[in-house]
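This is what each chain is made of:
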Amino acid sequence: MISIGKLGAGQERYYAEEIAEGAEDYYAGCGEAEGQWIGAAAPELGLDGKVDPAGLTAMLTGRNPLTGEPLDLKSAPGRGPVPGFDLTFSAPKSVSLSLALGGHPVSGQVMEAHGAAVEAALSYMERSACWARRGKGGATFVQ
């Protein structure tokens, strides 16, 4: 299952403080899988590996996490730019149970399969689902 949330300016404190440093340490890895820089834009920006709070804050404020340079974020008239989307890929309960109860080597295989599924789903979304509407009445579709 996938949950999608639009990220916006001003949300960096929420993600960096409430989630990343909160009780579940969401992006840093205690209790939840740590966030990873993946997708087609990651190599273009020189991003690889785990998401750290400073890098996440930079991205959410429209700056390159490595260089601090401003990203060329576009916005609709009268609206602020959207620096990205929070895609949360959740495995079905049966997969979670296999991971938790499967022992070695099953747990590792389940994690590897889930990681491959996430990358395949994101790749599909980048190719097929990342379209926006522009122009009068949203008549023009752009990737």
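Our structure's up above, just so we're on the same page.
Computed from a prediction, not measured in an experiment: that's the story for all the values here.

Participant: Help me out: how do you make sense of the overall build of the chain in this one?
Facilitator: The helix and strand tally for the chain stands at 5 helices and 4 strands. Overall, the chain shows an N-to-C arrangement of helices and strands of β-α-α-α-β-α-α-β-β. Taken across its 143 residues, the chain has 21% of its residues classed as buried. Look at the contacts in the chain between residues 6 or more apart in sequence, and 42% of them connect residues 24 or more apart. For the chain, the exposed area adds up to about 9,700 Å²; of that, 57% sits on carbon and sulfur atoms.

Participant: What is the right way to read the packing of helix 4 (residues 93-101) against helix 5 (residues 106-129) from this model?
Facilitator: Think of two packed helices as two axes; the pair is described by the angle between the axes and how far apart they sit. With their axes 7 Å apart at the nearest point, helix 4 and helix 5 run at an angle of 140° to one another. With respect to their mutual orientation, helix 4 and helix 5 come out oblique. The handedness of the crossing between helix 4 and helix 5 is left-handed. Contact residues: Val95, Ser98 and Leu99 in helix 4; Val106, Ser107, Val110 and Met111 in helix 5. When the residues that make up the contact of helix 4 with helix 5 are grouped by side-chain class, the tally is 5 nonpolar, 2 polar and no charged.

Participant: Whenever I open this one, the environment of Leu66 confuses me. Can you help?
Facilitator: Within the fold, Leu66 resides in the loop between helix 3 (53-60) and strand 2 (84-89). Put simply, Leu66 and Gly46 are 20 residues apart on the chain and 7.3 Å apart in space, counted from C-alpha to C-alpha. Contacts of Leu66, omitting those with residues within four sequence positions, involve Leu45, Gly46 and Leu47.

Participant: In this structure, what is going on with the side chain of Asn64? I would like to understand it.
Facilitator: With respect to the helices and strands, Asn64 occurs in the loop between helix 3 and strand 2. On the accessibility criterion, Asn64 (9% relative accessible area) is buried. There is a polar contact of 3.3 Å between the side chain of Asn64 and the backbone nitrogen of Thr67. Discounting residues that sit within four places of it in the chain, Asn64 has contacts with Leu45, Ala58, Glu69 and Leu71.

Calculation rules
Chains are numbered independently. Their residues run from 1 in the order of the written sequence. In view of the model being predicted, local features appear only for residues whose pLDDT reaches at least 70, and side-chain atom pairs are presented and counted only at 80 or more, with totals across whole chains, interfaces and linings using the full set of residues. With hydrogens and water stripped out, all remaining heavy atoms of the structure feed into the side-chain values. In this text, helices come from DSSP runs of H or I with a minimum length of four residues, and strands from runs of E with a minimum of two, each type numbered from the N-terminal end. Each residue gets one of three labels from its accessible area relative to the maximum for its type: buried under 20%, exposed over 50%, partly exposed in between, using a 1.4 Å probe on protein chains only. The criterion used for residue contact is that any of the two residues' heavy atoms lie within 4.5 Å. The Shrake-Rupley method, run with a 1.4 Å probe sphere, supplies the accessible areas, and residue values consider only the shown protein chains as cover. The angle between two axes is taken between their N-to-C directions and runs from 0 to 180 degrees, where each axis is a line fitted to C-alpha atoms and a helix contributes only its stretch in contact. For classification, angles of less than 35 degrees are called roughly parallel, those exceeding 145 degrees roughly antiparallel, those between 65 and 115 degrees roughly perpendicular, and all remaining angles oblique. Crossing handedness follows the turn of the near helix against the far one: under a right angle anticlockwise gives a left-handed crossing, and clockwise gives a right-handed one. Each residue gets one of three labels, nonpolar for Ala, Val, Leu, Ile, Met, Phe, Trp, Tyr, Cys and Pro, charged for Asp, Glu, Lys and Arg, and polar for the others, Gly among them. Polar contact criterion, stated in full: a pair of N or O atoms within 3.5 Å, where within protein one must be able to donate a hydrogen and the other to accept it, and residues adjacent in sequence count only if both atoms are side-chain atoms.

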